[in-house]
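# A look at the structure
Chain by chain, the residues:
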Amino acid sequence: MKALLASIGILFAFISGGNAIECEVCSDRASMDCSGEMVTCDQTVKSCQTAITDLTFEGLDPIYNVFKNCSDVGAKDMLYRAAGKEGSYQQRVEVCQTNGCNKGPLQFPPKNTTLNGVKCPTCVVDGKLSCEATEVLECVGEMTNCLYIAATFRNTAAPPMKAAFRGCTCAEFAEQVPIGPADTVQDVVTLIVSKGV
């Protein structure tokens, strides 16, 4: 009987040891899709993830980023949007639980451009860690709160730069504002989510 139980225990350990998920791992700072090697994740990881970002400012080409990897413990699907007078930012994360499930491209759903009645102070400044709003922006869609963020940002291969931004956000509180990956947003000095004016 002991030998049977030991055999079952070894078999269970073998089966559970073979359940590590495989995910595509890559990143690209110039597009919203990339391809890379399939990597066997750590045993504690049960899912893969893809994260895409889109930063758009008037008069400039959009800045796209994509990151594919084994997911962090507790990772979940997320769609975040913020908008100001001269630009907008959106980030989407999708988590999946089968081998290679993050190989394909990820897209943003269409933006809801319907005015929602919320108004936020808006400004954007490069090279400084604060900005004083002189205008008010009418928010749209799911962006029903106001955001004020000042930090050091790195959105391209260029050196990081200090910037401050005020505008509309879909976040309900500061903890919902995605700060990361770590090499994209650094040294946050101000992060406030508030009700509209």
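For the structure, see preceding data.
Report follows, based on the coordinates. Counting restarts for each chain, with residues numbered from 1 along the sequence as it is written. The predicted nature of this model means local features are confined to residues of pLDDT at least 70 and side-chain atom pairs, given and counted, to a pLDDT of 80 or more, with totals for whole chains, interfaces and linings taken over all residues. Neither water nor hydrogens contribute to the side-chain values; these are computed over all heavy atoms in the structure.

## With respect to the side chain of Thr-122
Stated precisely, the cut-off is as follows: Helix and strand assignments come from DSSP, with helices taken as H or I runs of at least 4 residues and strands as E runs of at least 2, each series counted from the N terminus. Exposure categories follow from relative accessible area, calculated using a 1.4 Å probe and restricted to protein chains: below 20% of the type maximum is buried, above 50% is exposed, and the middle band is partly exposed. In protein, a polar contact requires one atom able to donate a hydrogen and another able to accept it; more generally it is a pair of N or O atoms within 3.5 Å, and residues adjacent in sequence count only if both atoms are side-chain atoms. Should any heavy atoms of two residues lie within 4.5 Å, those residues are considered in contact.
With respect to the helices and strands, Thr-122 occurs in strand S7 (residues 115–126). Looking at Thr-122, the relative accessible area reads 4%, which means it is buried. A polar contact is formed between the side chain of Thr-122 and the backbone nitrogen of Lys-85, at a distance of 2.8 Å. Setting aside anything within four residues of it in sequence, one finds Thr-122 in contact with Gly-84, Lys-85, Ala-133, Thr-134, Glu-135, Val-136, Leu-137, Arg-166 and Gly-167.

## A few points about the environment of Ser-47
Mapping Ser-47 onto the fold places it in the loop between strand S2 (37–40) and strand S3 (48–57). With 51 residues separating them along the chain, Ser-47 and Thr-98 place their C-alpha atoms 7.0 Å apart. Among residues more than four places away in sequence, those in contact with Ser-47 are Ile-21, Cys-23, Cys-70, Ser-71, Val-95, Cys-96 and Gln-97. Reaching out from Ser-47, the side chain makes a polar contact with the side chain of Ser-71 at a distance of 2.4 Å.

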